[in-house]
Each structure stands twice: as C-alpha cells, then as structure tokens.
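This is what each chain is made of:
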Amino acid sequence: MILLIELNDLQLAQMLADYLQGQQISCQIHSSETGVALWLLDENQAGLAETEIQRFIHEPYHPRYREAAWQQEKSVSWRAAADSHLMSELVLQAQPLMLVVTGLVLIEYLLRSMGLPVESWLSFEWPWLNGQIWRLFTPVFLHFSVIHLLFNLSWWWYLGGRTEQRYGVSKLAIVLISGALIPNVLQAMVSGNTFGGLSGVTYALLGYLWLRERHSEQAQMTVSNGLFIFMLCWLTLGFADILPVNTANFAHLGGLLVGLVQGWRDSRRATPRSS
C-alpha cells in the first residue's frame, strides 16, 4: 500500500475516498497519529492517484467530492478507534487542549464534592481587590450540579473539539480565553461572583463556528442554522426568566458576541485549509 494523504477531518477523508473509488482508484482509510490516512491499494494506480490528490489539495471543498459521497452506495469502512461513525467523530474530537480543560473541570467538581473549598479559590473576583488575576478566568471551571457539569462538557467536547480539530489549538485557546474573560466580567457586573460554568465559552464557540463556517465549503457544518436558532431561543428564554434553572444570561450573551466577532474576522480572511 502507498500512503496518499493524511487528514484531520473524517468527513473530508470519506468524501475523497468515495471520489477516488468512483474513479476506479482502490483505496482505504485507516487511523493515523494526526487523524486519518488514505492508502492506495494498487501501486499501479500511483500516478493517477497522485494527480487526484494534488487536485484535492488545491481545492478540498470542491462540489465534486460531496457529489461523489452522495452517489456512493456503500460507506467507506473505517475502524480507527470505534465501530460507529459517531464514536469515530468523538475520538477525532478528543484534542489536547479540549481534553486538558475537560480534565480540570472534572477534577474541580470531584474536589468540591469531597468538601474542599475549591469555589473560594476559583470564583470571580476583581483583581484589584487582592491581585488574584486568575479569578477573571477560573469561574469557567466551576459547575454546581451533575446536570450542569454534563451539559456544559457535552457542548465543550463537541464545539471545542471540532474547533481544535479544524482550526488548531491556538484558535481554541483564543476563543477559550476571550470567551471566558469578557463574559465573566460582564456577568460579574450584573450579578456579582455567584456564577460559574463553561456555558459562556460554549456560546462563544457556537457563534464562532456558525459564522466562521457558514460561507465556507466545509464537508459538514458544525453548527447548523437550526441549532444556532435553537440556542438563540434558549438565550432568550433565559433573559425572560422562564427556564427551570438559573442561567448566567449575560455571560451567554457576552460569549456569543465574542464568538461572532472572531468568526466574522476569521471568515473574511479564511482560505481553504489542506491537511
């Protein structure tokens, strides 16, 4: 077998494989250290395959690849870390920074469940009071119930993992920091320090991915228009104070605005990424 290309996006790899199969070029997808790798089975097709790979690198989001995927009658077999497409996606989105933050959130919840005064170390406080500047950021690690924890971590895994997978660790770090600091400050101005959670960050990721990808030719949009509208409705219900749970509404709003601004900026200068 000959290695043709390595990608960090499973959908792109599947579409490329479908297209090559349609061109009678035999190939298979396997896991790799960076995501997934596409291998050529017939060495006699190396020249033709290389031509197609170079064309793909220059225009990876061309409609021909989506059309090939739609027309393919059977799906590409891929067994990197799980047996289902959903599990494959979850595994691919298990990116380093996303996992580190997930681990810190879980550790915080475990320590507080054991009775340690973690909240007093991490809750919001204006830095000029005692110089503890980290408190502008650390409320994102605080979660006050199992439902609160699981809900936020689910969104963080999906949105944060996809952001890091597609746009890199530095981009996720930027959205994480700005989506924590600005919403935290905004919420503290309204309600004091009685808040916590990753929801402001997840709203920032929601806004970023929706605006960043809506004018691109991504294989699969992370945030559909329907999902975006649903989250806007959830935000509106929070401000109307008719939800059965307390919500940090201004943190949500601030996070969404932060994400939209960054998504708008990046979408204006974006070019198709090849892996």
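Everything below is about the structure shown above.
Because the structure is predicted, anything quoted here is derived from the model rather than measured.

(A) Seen up close, the overall build of the chain. Regarding its fold elements, the chain presents 12 helices and 3 strands. Counting only residues that meet the buried cut, the chain has 47% of its 275 residues in that class. Counting only carbon and sulfur atoms, one obtains 62% of the accessible surface of the chain, whose full area is about 13,900 Å².

(B) Summary view of helix α5 (residues 96-113). Between its first and last C-alpha atoms α5 spans 26 Å; for 18 residues at 1.5 Å apiece the expected length is 26 Å, and the two agree. Taken together, the buried positions of α5 are L97, M98, V101, T102, V105, E108 and Y109. Across the axial projection of α5, the buried residues extend over an arc of 140°, all falling on one side. Across from the buried face of α5, at angles greater than 90 degrees, the exposed residues are P96 and L110. The inward-facing, buried residues of α5 abut α6 (118-122), α8 (146-167) and α9 (169-191). Following α5 by one or two positions, G115 adopts a phi angle in the positive range, close to 95°.

(C) Just empty space enclosed by the protein, in detail. In total, this model carries 1 cavity of 30 Å³ or more according to the counting rule given. The computed volume of the largest cavity comes to approximately 50 Å³. Lining the largest cavity, in full, are V140, G179, P183, N184, F195, G196, G197, S199, G200, A248 and A251. Broken down by secondary-structure element, the contributors of at least two residues to the lining of the largest cavity are α9 and α10 (199-213).

(D) A look at the packing of α5 against α8. As a packed pair, α5 and α8 sit with axes 9 Å apart at the nearest point and diverge in direction by 170°. The angle between the axes of α5 and α8 places the two elements in the roughly antiparallel class. Contacts between α5 and α8 pair P96, L97, M98, L99, V101, T102, V105, L106 and Y109 from the former with V146, L149, L153, W156, W157, G160, G161 and E164 from the latter. Its residues placed into classes, the contact of α5 with α8 shows 13 nonpolar, 3 polar and 1 charged.

(E) Quick peek at the layout of surface pockets. Empty space within the largest pocket amounts to approximately 650 Å³. Along the wall of the largest pocket there are 26 residues; nearest its centre are H148, V245, N246, T247 and A248. Counting only elements with at least two residues in the lining of the largest pocket, the list comes to α8, α9, α10, α11 (225-239) and α12 (249-269). Ranked by residues supplied to the lining of the largest pocket, first place goes to α8 with 5 residues. Taken together, the residues of the lining of the largest pocket break down into 13 nonpolar, 13 polar and no charged.

(F) Representation of the pairing of strand β3 (residues 35-40) in the model. Within β3, 5 of the 6 residues are buried, leaving the element largely enclosed by the surrounding structure. Sheet topology places strand β1 (residues 2-7) next to β3; 5 bridges connect them, and they run antiparallel. Counterpart to L3 in the pairing with β3 is W39. As judged from the 6 bridges shared by strand β2 (residues 27-32) and β3, these two strands associate in the antiparallel manner. Residue pairing in the sheet places S32 in a bridge with G35 of β3.

(G) How the structure looks around the pattern of salt bridges. Inspection of every chain in the model, using the stated rule, returns 6 salt bridges. The partner of K171 in a salt bridge is D266, with the nearest N and O atoms 2.6 Å apart. Placement of the pair is K171 in helix α9 and D266 in helix α12, with a sequence separation of 95 residues. The exposure class of D266 is buried, given its relative accessible area of 6%. Notably, a salt bridge pairs D266 with R265, separated by 3.3 Å at the nearest N-O pair.

(H) Molecular detail of the nonpolar core. By size, the foremost hydrophobic cluster in this structure holds 36 residues, and its most contacted members are V101, W156, L198, V201 and L206. Sorting the residues of this core by element identifies α5, α6, α8, α9, α10 and α11 as the ones contributing at least two each. For this core, the element with the highest residue contribution is α10, accounting for 9 residues. When residues no more than four places from it in sequence are discounted, the contact partners of V201 are V140, W156, L176, G179 and A180. A13, Y19, I25 and A49 belong to the second largest nonpolar core, which has 23 residues in total.

(I) Quick look at unusual backbone geometry. Non-glycine residue Q24 carries a positive phi angle of around 65°. Here Q24 lies in the loop between α1 (10-22) and β2. Residue classification places Q24 among the exposed positions, given a relative accessible area of 61%. Residues other than glycine seldom take positive phi values, yet D241 does so here, at roughly 60°. Positionally, D241 belongs in the loop between α11 and α12. Relative accessible area serves as the criterion here: at 65%, D241 is assigned to the exposed category.

Conventions adopted
Residues numbered from 1 in each chain as written. Predicted model: local features only at pLDDT ≥ 70, side-chain atom pairs only at ≥ 80, totals over all residues. Heavy atoms only, no water. Helix = DSSP H or I, 4+ residues; strand = E, 2+ residues; numbered from the N terminus. Buried < 20%, exposed > 50% of the residue type's maximum accessible area, 1.4 Å probe, protein only. Areas by Shrake-Rupley, 256 points an atom, 1.4 Å probe, with all protein chains shown as cover. Expected span 1.5 Å × (residues − 1). Arc of directions from axis to C-beta. Contact = heavy atoms within 4.5 Å. 1 Å grid on protein atoms, 1.4 Å probe; cavity = no way out; pocket = protein on both sides within 12 Å on 5 of 7 lines; lining within 4 Å. Points joined across faces, edges and corners; volume = space filled by probe spheres on them. Axes fitted to C-alpha atoms, helices over the stretch in contact; angles between N-to-C directions. Parallel < 35°, antiparallel > 145°, perpendicular 65-115°, else oblique. Nonpolar A, V, L, I, M, F, W, Y, C, P; charged D, E, K, R; others polar. Pairing = 2+ DSSP bridges. Salt bridge = Lys/Arg side-chain N within 4 Å of Asp/Glu carboxyl O. Core = buried A, V, L, I, M, F, W, Y, C linked by side-chain atoms within 4.5 Å.

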